[in-house]
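One-letter residues, chain by chain:
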Amino acid sequence: FTTDIVQNISSMFRNCKKLENFDFLKGFNTEKVESMYNMFSGCTQLTDDSIPETFSTKSVQVMNGMFAECPKLTTASFLHYFDTSKLINISQMFSDCTGLTELVFPENFKKASIIQAFQLCAFCSNLKKADLANVNFAKIIYAGMMFANCSNLEEVNLGNMSMFASGAQGAAGDTGMFSMFDFDTGMPLGPLPKLRWVTFLNTCDLRPWDATTLSGSGFDYNHPAGWNAYQNYVLQDTLHSYDEFRAYQATHPGETLYCWVDGPQPEPPAPPEPAPGTEDGWVQSDAGWQYVLNGEYLNDGWHYIIDQYGEHWYYFDADTYMATSRWIWDDEWQGWYWVCSTGPMIENLWQWIDNAWYGFWWGGKMCQGWVWDTYYVAWYYCDDYTGRVACNEWAWDGAWYYFDQNCQMLTNCWVGSYWLNASGQWV
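Because the structure is predicted, anything quoted here is derived from the model rather than measured.

1. Describing the overall build of the chain
Alright, step 1. Summing up its helical and strand segments, the chain has two helices and 22 strands in all.
Alright, step 2. By residue count, 50% of the 427 residues in the chain fall in the buried class.
Alright, step 3. In the chain, the share of contacts with a sequence separation of at least 24, taken over all contacts with a separation of at least 6, comes to 62%.
Alright, step 4. As presented, the chain carries roughly 20,000 Å² of accessible surface, and 50% of it is formed by carbon and sulfur atoms.

2. Remarks on the pattern of salt bridges
Alright, step 1. By the definition in use, this model includes three salt bridges.
Alright, step 2. A salt bridge links arginine 326 to aspartate 317; the nearest nitrogen and oxygen atoms lie 2.9 Å apart. An identical accessibility class is assigned to arginine 326 and aspartate 317; each is buried.
Alright, step 3. A salt bridge links glutamate 393 to arginine 388; the nearest nitrogen and oxygen atoms lie 3.1 Å apart.
Alright, step 4. In this structure glutamate 393 comes out as partly exposed when scored by relative accessible area, which is 22%.

3. Topic: the nonpolar core
Alright, step 1. The biggest cluster of nonpolar side chains holds 57 residues, and the ones touching the most others in it are Phe40, Phe67, Phe82, Phe94, Met146 and Phe147.
Alright, step 2. Ranked by residue count, the leading element in this core is strand S3 (residues 155-162), at three residues.
Alright, step 3. Ignoring any residue separated from it by four or fewer positions in sequence, one finds phenylalanine 40 in contact with Phe13, Phe22, Leu25, Leu46, Ile51, Phe55, Met66, Phe67, Ala68 and Cys70.

4. Considerations on the sheet that holds strand S9 (residues 288-293)
Alright, step 1. Spatially, S8-S9-S10 is the arrangement adopted by the three strands of the open sheet, whose pairing is antiparallel. What marks the edges here is a single partner per strand, and that holds for strand S8 (281-285) and strand S10 (296-297).
Alright, step 2. Sheet topology note: the S9/S10 ladder contains two bridges and is antiparallel. What sits directly across from leucine 293, in S10, is glutamate 296.

5. Considering unusual backbone geometry
Alright, step 1. Its identity is not glycine, yet asparagine 38 carries a phi of approximately 55 degrees, on the positive side.
Alright, step 2. In this structure, asparagine 38 sits in the segment before strand S1 (102-104).
Alright, step 3. Positive phi, normally seen in glycine, also occurs at asparagine 392, with a value near 60 degrees.

6. Details of the state of the cysteines
Alright, step 1. Counted according to the given criterion, the structure contains one disulfide.
Alright, step 2. What pairs with cysteine 391 in a disulfide is cysteine 407, and their sulfur atoms sit 2.5 Å apart. Taking the torsion about the sulfur-sulfur bond, which here is approximately -85 degrees, the covalent link between cysteine 391 and cysteine 407 counts as left-handed. Remark: cysteine 407 occurs in the loop between strand S20 (400-403) and strand S21 (413-415) and cysteine 391 occurs in the loop between strand S18 (378-382) and strand S19 (393-396); sequence separation between them is 16 residues.
Alright, step 3. Here cysteine 70 is not disulfide-linked; the sulfur of cysteine 97 is the nearest cysteine sulfur, at 5.3 Å.

7. Describing the side chain of arginine 326
Alright, step 1. With respect to the element layout, arginine 326 can be found in strand S13 (residues 326-330).
Alright, step 2. In terms of polar contacts, arginine 326 uses its side chain to reach the side chain of aspartate 317, at 2.9 Å.

8. Regarding the pairing of strand S12 (residues 310-316)
Alright, step 1. Two elements, strand S11 (residues 301-307) and S12, share seven bridges in a ladder whose sense is antiparallel. Bridging from a neighbouring strand, tryptophan 302 pairs with tyrosine 315 of S12.
Alright, step 2. Between S11 and the antiparallel strand that follows it, S12, lie two residues.

9. Brief notes about the packing of aromatic side chains
Alright, step 1. For the coordinates displayed, the defined rule picks out 42 aromatic pairs.
Alright, step 2. The interplanar angle of 65 degrees and the centroid separation of 5.0 Å between the aromatic rings of tryptophan 282 and tyrosine 314 together place this pair among those described as edge-to-face. With tryptophan 282 in strand S8 and tyrosine 314 in strand S12, this pair connects stretches of sequence that are 32 residues apart.
Alright, step 3. Through pairs of rings, three or more aromatic residues link up here, namely Phe13, Phe22, Phe24, Phe28, Phe40, Phe55, Phe67, Phe78, Phe82, Phe94, Phe105 and Phe109.

10. Comments concerning the confidence of the model for the chain
Alright, step 1. Summarising the model, the chain shows a mean pLDDT of 80, and 77% of its residues fall at 70 or more.
Alright, step 2. Ignoring residues within four places in sequence, the model shows residues 164-174, a span with pLDDT below 50, making 67 contacts including any to other chains.
Alright, step 3. Considering only residues more than four positions removed or in separate chains, one finds that residues 252-266, a stretch of pLDDT under 50, has 52 contacts.

11. Details of a nonpolar patch on the surface
Alright, step 1. A cluster of nonpolar residues, Tyr304, Ile306 and Trp313, forms a patch on the protein surface that exposes about 320 Å² of accessible area.
Alright, step 2. Tracing the backbone shows tyrosine 304 in strand S11.
Alright, step 3. Classification of tyrosine 304 by relative accessible area gives partly exposed; the value is 42%.

12. Some thoughts on the environment of alanine 318
Alright, step 1. Among the secondary structure elements, alanine 318 is positioned in the loop between S12 and S13.
Alright, step 2. On the basis of relative accessible area, alanine 318 is assigned to the buried category, the value being 15%.
Alright, step 3. The sequence separation of alanine 318 and aspartate 300 amounts to 18 residues, and the corresponding C-alpha distance is 4.3 Å.

Here is what the cut-offs are and how they apply
Residues numbered from 1 in each chain as written. Predicted model: local features only at pLDDT ≥ 70, side-chain atom pairs only at ≥ 80, totals over all residues. Heavy atoms only, no water. Helix = DSSP H or I, 4+ residues; strand = E, 2+ residues; numbered from the N terminus. Buried < 20%, exposed > 50% of the residue type's maximum accessible area, 1.4 Å probe, protein only. Contact = heavy atoms within 4.5 Å. Areas by Shrake-Rupley, 256 points an atom, 1.4 Å probe, with all protein chains shown as cover. Salt bridge = Lys/Arg side-chain N within 4 Å of Asp/Glu carboxyl O. Core = buried A, V, L, I, M, F, W, Y, C linked by side-chain atoms within 4.5 Å. Pairing = 2+ DSSP bridges. Disulfide = S-S within 2.5 Å. Polar contact = N/O pair within 3.5 Å; in protein donor to acceptor, adjacent residues only side chain to side chain. Phe/Tyr/Trp six-rings, centres within 6.5 Å; stacked < 30°, edge-to-face > 60°. pLDDT = per-residue confidence, 0-100. Patch = residues over 30% accessible without salt bridge, like charges linked within 9 Å, V, L, I, M, F, W, Y side chains within 5 Å.

Here it is in structure tokens:
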């Protein structure tokens, strides 16, 4: 039995619950293996000492689910042996490892270039501290639900992961990164009950998913009332308003920020009132656009306006100013919406945003999953979490699919040495 030329050993020992002796790994040649997806998932007898120093990962790109549901892991000390120079995906790598109490990624993970870390440590109910300072997250695309349901987690260091990076590069990810969830209904139950400290990198930009990255914890980067989540820092603790927070953030690029999750919720300011005699319609000032209706500024939500520019939905913040070039999360419809630079909500369009394509249905909700375009007569795939359209790359949805430079799924053709069947799947 030889593995000298094997490139994919996904799920090789998955759910081998009675496998206790892993000494055979010392003679296992994995130098050419590119995917270790779910390799040891469900190996309930695997311990911190089961992985030998000779175990090669020098070609591995995918480790998602590799040690999921391994309850006897306590520290994953074997990570020191790993060559991470090709590594890009660590999603669910330690998901449901209920024995983990502290997880520290060693310095060798600085060589990785992680783009996916979805549910990395989700359901690790006994994890108290996670130190990811050595993980290279400079190109992270999605880290949603990274610590979901880690009910005992107290402290997290995210290293160079940014909570504020615009677009895909450096993005912390989607909703629920530090939330408790009811996975039967998919609904968030609130913040992790014991989480107190989160360390991350300041890059001075906002991302589309910021408003709910720390769902339920008082974080809302797109609203003036959200400054409270950042009012306590190790480096300085005298921020008393959202404006002060933004000013501090803007003048300290690249600085590591330490935020205290809990904090008093300030009352949002009362919306301003138009000057007496102001006519209904649009009002422009240096601060932006407002809309007067029946003597009051529209505020705090979506408003459908019919005017000389047409009929459109617009979003107005609590301070009464129209939102522009921004993602808006809608609690009622449980989806993301985009308002363009002139204010109207985008709908029934493909839109180029922050160096990526996104699709929007009628009604404006961002597309997720598969989309059939009747005009272009082609299938497209929008990431289930970020909504980003796969373009000129492989995408996984139960099987591997390839999307060309026009973001269209390919079928019945070769991509390099890989054959895609009539359904677009790599076979």
